[in-house]
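Inside the fold
The residues making up each chain are set out below.
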Amino acid sequence: MTNLRSLYNFNGGVHPPQHKEVSAGRPIVKAPIPSRLTIPLHQHIGNVAKPIVQVGEKVLKGQMIAQAEGYVSASVHASTSGTVSAIEMLSVPHPSGLPDLCIVLESDGEDTWAERIPLNYREMDLSALRNRLRDAGVVGLGGAVFPSFIKLNPGPQQKIQTLIINGAECEPWITCDDMLMRERADEIVQGIEIMRYLMRPEEILIGIEDNKPEAIAAMQAACSNLHFQIDVIPVPTIYPGGGAKQLIKVLTNKEPPSGGRSTDIGVQCFNVATAYSIHRAINHGEPVISRIVTVTGNVTLPQNFEMLIGTPVNELVALTGTPKADTNRYIMGGPMMGFDLPSDRVPAIKATNCIIAASPRLFPQPPAPMQCIRCTRCAQACPVDLQPQELYWFARAKNLGKAQEYFLFDCIECGCCSYVCPSNIPLVQYYRFAKSEIWAREKEKQASDLARERHEFRQLRIDREKQERAEKLAKKAAAAKAAPTPAVEGTANPSGIDSDAAAKKAAIQAAIERSKAKKAGIAPKNVDNLPPDKLKEIQNIEARREKIRELAQKEIE
Ligand code: SF4
Ligand code: SF4
């Protein structure tokens, strides 16, 4: 049902041209199975999943091919049936352009499913249910790709009052969530029911930008006959109103603290596509092997496709007709927060919500940047209440400490500041650079801290061993001192306990005697004809030496 609740504003935001109508006019189409799929093992935030198949192995659709490793991770599955032809480093869709470990799958064209076991989640232990989501590779499909089972377990200390389902989809050009809500609203709601079972929130809100009337109507209809309440709330169309923090602010007037999480204020937020995949995973036993992707921009027939994870981008683009000749790059995500793909041969993955074919006509090169004129328009547009111009100066001067003081890490890289800057300064790029510098330095610092810790530990170990040795010797000496006088030669020593010590002592004594005799036998040299004062001096020295020898002998005893 729709709730007439008050809405709140966040600061700033911009109104870029939407371009959504171009891909939202046609229904979702199932993309054909490609002959070869490249499935990256790191499609989520956290640890890379560990491969559990071999090259040459035959796999079924939905079969786990890489297992979640560590707590923050999610499993990866075969998107169709076929044969594993390679496990190697390949180009993946990532802003770094660096290759990553992938499993290459040659499709057998039969698309044979592995066994799918639907679950009656209401009878399941919450922890087992979350583990099932982890094994099914469920991650945030709004773009963040954070493993969902973790977000569904805020911990006993953090009660979730409000569960927010994000259907805002505020970036221009993207319509995959809009189409999903229009066509599969009931299934999204079934996913929300599972989330409700796991989190027991006091209220559930679905926020949808008011430029999606069909999606709002479909979700309202799907929520109308439930045994619990879900409020479908149209929110104003303003970018970045679909950012989790901004949507939370608009719907609840609450703001997560700087550096904190939304659970700190009793709110958790999931994308509509994530709710849908939770439903597929639990109610149908299907892991995340496909998603809806918008293919739009400089293409003949922009459209949404349900594509298998691992489908090459060029094959998706080809589904929209012959690629236009002036296409000069492909953007993954929206034009505000997306990034250029290193090639159109990389695979589409769980985070791929949109592929935009770009051309100089659609996305003209921005004019050369000029000097900052301190107009503060960037600050007025910033939805996080930052001072983008100050951040720019600090990042440019590599004054990273100051940039952090000015909350650099609260920047969500939405690009509103760059969008409004009359000097065409690519502000976000400066912030990304500053963040990456700080991370690199932090890594270096961690490495040197680790090396120092290791060195200190080694030193500590050496000192401790020295001390232990000294203590052992002292104990031995004390024991020797406390030992009874050795038996006189010929006297019986029935116990035999001190016979070793006595033998040692006798040997030392014999050595001392030998040394004395030797010394006595040696006549001092060069002492003939010395004046009496020199002789006296030598005698004194000899006397002192003798005294020292005596003392040394006493120590030994
Ligand atoms: S909008 Fe651009 S020119 Fe104006 S203050 Fe910000 S960075 Fe400077
Ligand atoms: S990119 Fe960062 S600094 Fe710029 S408007 Fe967005 S949040 Fe503010």
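Residues numbered from 1 in each chain as written. Chains lettered and ligands numbered in written order. Predicted model: local features only at pLDDT ≥ 70, side-chain atom pairs only at ≥ 80, totals over all residues. Heavy atoms only, no water.

We count it as follows: UniProt positions are given in the numbering used here, feature names are shortened, and annotations may be inferred rather than shown by experiment.
The protein chain appears in an unreviewed UniProt entry as Ion-translocating oxidoreductase complex subunit C from Sulfurirhabdus autotrophica. In its Sequence similarities (unreviewed entry) section, the UniProt record describing the protein chain reads: "Belongs to the 4Fe4S bacterial-type ferredoxin family. RnfC subfamily." According to the UniProt record, the Subunit (unreviewed entry) comment for the protein chain reads "The complex is composed of six subunits: RnfA, RnfB, RnfC, RnfD, RnfE and RnfG."

1. Quick look at the overall build of the protein chain
For clarity, the threshold we go by: A run of H or I in DSSP becomes a helix once it reaches four residues, and a run of E becomes a strand once it reaches two; helices and strands are each numbered from the N terminus. Taken over C-alpha atoms, the radius of gyration is set against a globule rule of 2.2 Å times the number of residues to the power 0.38. With a 1.4 Å probe rolled over the protein chains alone, any residue whose accessible area is under 20% of its type maximum counts as buried; one over 50% counts as exposed, and the rest are partly exposed. Surface exposure here means Shrake-Rupley accessible area, sampled with a 1.4 Å probe, where a residue is shielded only by the protein chains that are shown.
When its secondary structure is counted, the protein chain shows 16 helices and 17 strands. Its C-alpha atoms give the protein chain a radius of gyration of 38 Å, clearly above 24 Å, the size a compact globule of 557 residues would have. Taking the principal axes of the C-alpha coordinates as reference, the protein chain spans close to 125 × 65 × 50 Å. By residue count, 44% of the 557 residues in the protein chain fall in the buried class. Summed over its atoms, the accessible surface of the protein chain is roughly 29,100 Å², and 54% of this surface lies on carbon and sulfur atoms.

2. Observations concerning the site of ligand 2
Our working definition: The near set for a molecule or strand comprises every residue that places at least one heavy atom within 4 Å of it. Residues are grouped as follows: Ala, Val, Leu, Ile, Met, Phe, Trp, Tyr, Cys and Pro are nonpolar; Asp, Glu, Lys and Arg are charged; all remaining types, including Gly, are polar.
Surrounding ligand 2, one finds 13 residues, the nearest of these being Cys-382, Cys-411, Cys-414, Gly-415 and Cys-417. Sorting the residues of the shell around ligand 2 by element identifies helix H13 (416-420) and helix H14 (427-482) as the ones contributing at least two each. When the residues that make up the shell around ligand 2 are grouped by side-chain class, the tally is 11 nonpolar, 1 polar and 1 charged.

3. Quick look at the UniProt feature "coiled-coil region" (unreviewed entry) in the protein chain
Annotation from UniProt places "coiled-coil region" (unreviewed entry) at residues 440-470. Along residues 440-470, the helical share is 100% and the strand share 0%, with 45 Å between the first and last C-alpha atoms.

4. Examining the side chain of Arg-280
We apply this condition: The criterion used for residue contact is that any of the two residues' heavy atoms lie within 4.5 Å.
Structurally, Arg-280 is set in helix H8 (residues 272-283). Exposure remark for Arg-280: the relative accessible area of 17% places this residue in the buried category. With residues near it in sequence (within four places) discarded, Arg-280 still touches Glu-187, Gly-285 and Glu-286.

5. So, a positive patch on the surface
Quick reminder of the rule: Only residues whose relative accessible area exceeds 30% and that form no salt bridge are eligible for patches; like-charged ones are grouped when within 9 Å, while nonpolar side chains (Val, Leu, Ile, Met, Phe, Trp, Tyr) are grouped when within 5 Å. Every case where a carboxyl oxygen of Asp or Glu lies within 4 Å of a side-chain nitrogen of Lys or Arg is listed as a salt bridge. Within this scheme the basic residues Lys and Arg register as positive and the acidic residues Asp and Glu register as negative, but His and the chain ends are omitted. Where a charge lies is defined by one atom per residue type: Lys uses NZ, Arg uses CZ, Asp uses CG and Glu uses CD.
Positive charge collects at one region of the surface, where Lys-466, Arg-469, Lys-472 and Lys-476 lie side by side. Turning to its location among the elements, Lys-466 is positioned in helix H14.

6. With respect to the site of ligand 1
In the neighbourhood of ligand 1, the contacting residues comprise Cys-372, Ile-373, Arg-374, Cys-375, Thr-376, Cys-378, Gln-389, Cys-421, Pro-422, Ser-423 and Leu-427. When its residues are assigned to classes, the shell around ligand 1 shows 7 nonpolar, 3 polar and 1 charged.

7. Examining the sheet that holds strand S5 (residues 64-67)
For clarity, the threshold we go by: DSSP calls a pair of strands paired once it identifies at least 2 bridges connecting them.
Across the sheet, 3 strands lie side by side as S3-S5-S6; this open sheet has antiparallel pairing. The sheet is open, and its two borders are formed by strand S3 (50-51) and strand S6 (76-77), each paired with just one other strand. Pairing of S3 with S5, which is carried by 2 bridges, proceeds in the antiparallel orientation. In the sheet register, Lys-50 faces S5, and the bridge partner there is Gln-67.

8. Some thoughts on the sheet that holds strand S8 (residues 99-107)
The strand order across the open sheet built from 4 strands is S2-S8-S7-S4, with neighbouring strands paired in antiparallel fashion. One side of each edge strand has no neighbouring strand; the edge strands of this open sheet are strand S2 (36-40) and strand S4 (58-59).

9. Quick notes on helix H4 (residues 176-183)
Along H4, 6 of the 8 residues are buried, which leaves the element largely enclosed by surrounding structure. Turning to H4, its buried residues are Cys-176, Asp-177, Asp-178, Met-179, Leu-180 and Met-181.

10. Some thoughts on the state of the cysteines
Applied cut-off: The disulfide criterion is simple: two cysteine sulfur atoms within 2.5 Å.
By the definition in use, this model includes 0 disulfides. In this structure Cys-176 is not part of a disulfide, and its nearest cysteine sulfur, from Cys-354, lies 7.1 Å away. Residue classification places Cys-176 among the buried positions, given a relative accessible area of 3%. Cys-354 gets classed as buried once you look at its relative accessible area, which sits at 0%.

11. Topic: the pairing of S8
Summarising the sheet, S2 and S8 pair through 5 bridges and their orientation is antiparallel. Across the sheet, Thr-38 pairs through a bridge with Val-104, a residue of S8. Taken together, the 9 bridges between strand S7 (residues 82-91) and S8 define a ladder with antiparallel strand orientation. Bridging across to S8, Thr-83 finds its partner in Glu-106.

12. Some words on the nonpolar core
To keep it simple, the criterion reads: By convention a nonpolar core is built from buried Ala, Val, Leu, Ile, Met, Phe, Trp, Tyr and Cys residues, the set being connected through side-chain atoms within 4.5 Å.
Counting residues in hydrophobic clusters, the biggest one holds 81 residues, and the most contacted among them are Leu-133, Ile-165, Ile-188, Ile-192, Ile-206 and Met-219. If one sorts the elements of this core by residue count, helix H5 (residues 185-199) sits on top with 9 residues. Contacts of Leu-133, omitting those with residues within four sequence positions, involve Val-138, Phe-149, Leu-152, Leu-198, Ile-278, Ala-281 and Ile-282. Core analysis: the second largest hydrophobic core is formed by 21 residues, Val-384, Leu-400, Ala-403 and Tyr-431 among them.

13. Section: the pattern of salt bridges
What the rule picks out here adds up to 23 salt bridges. A salt bridge links Lys-212 to Glu-209, with the shortest nitrogen-to-oxygen separation between them at 3.7 Å. Glu-209 matches Lys-212 in its accessibility class, with the two residues each being buried. In this structure, a network of salt bridges that share partners links the residues Arg-116, Glu-187, Arg-280 and Glu-286.

14. Topic: the packing of helix H2 (residues 126-135) against H8
Convention followed: Every axis in this analysis is a line fitted to C-alpha atoms, fitted for helices over the stretch in contact. Angles between the N-to-C directions lie between 0 and 180 degrees. Here the angle decides the label: under 35 degrees means roughly parallel, over 145 means roughly antiparallel, 65 to 115 means roughly perpendicular, and every other value means oblique.
One way to put it is that H2 packs onto H8 with a least axis distance of 10 Å and a crossing angle of 105°. If you check the angle between H2 and H8, you find them roughly perpendicular. Residues Leu-129, Arg-132 and Leu-133 of H2 form the contact with H8, whose own contacting residues are Ile-278, Ala-281 and Ile-282. Each residue belonging to the contact of H2 with H8 can be placed in one class, and the counts come to 5 nonpolar, no polar and 1 charged.

15. A look at the UniProt feature "binding site: [4Fe-4S] cluster 2" (unreviewed entry) in the protein chain
UniProt's feature table lists "binding site: [4Fe-4S] cluster 2" (unreviewed entry) at Cys-382, Cys-411, Cys-414 and Cys-417, given in the numbering used throughout. Taken along the chain, the residues just named run across 36 residues; in space they keep tight, none of their C-alpha pairs more than 10.6 Å apart. By the secondary structure assignment, Cys-382 is in the loop between helix H10 (377-381) and helix H11 (388-396). Every residue in contact with Cys-382, bar those within four places of it in the chain, is listed here: Asn-11, Gly-12 and Pro-388. Inspection of the secondary structure assignment puts Cys-414 in the loop between helix H12 (400-405) and H13.

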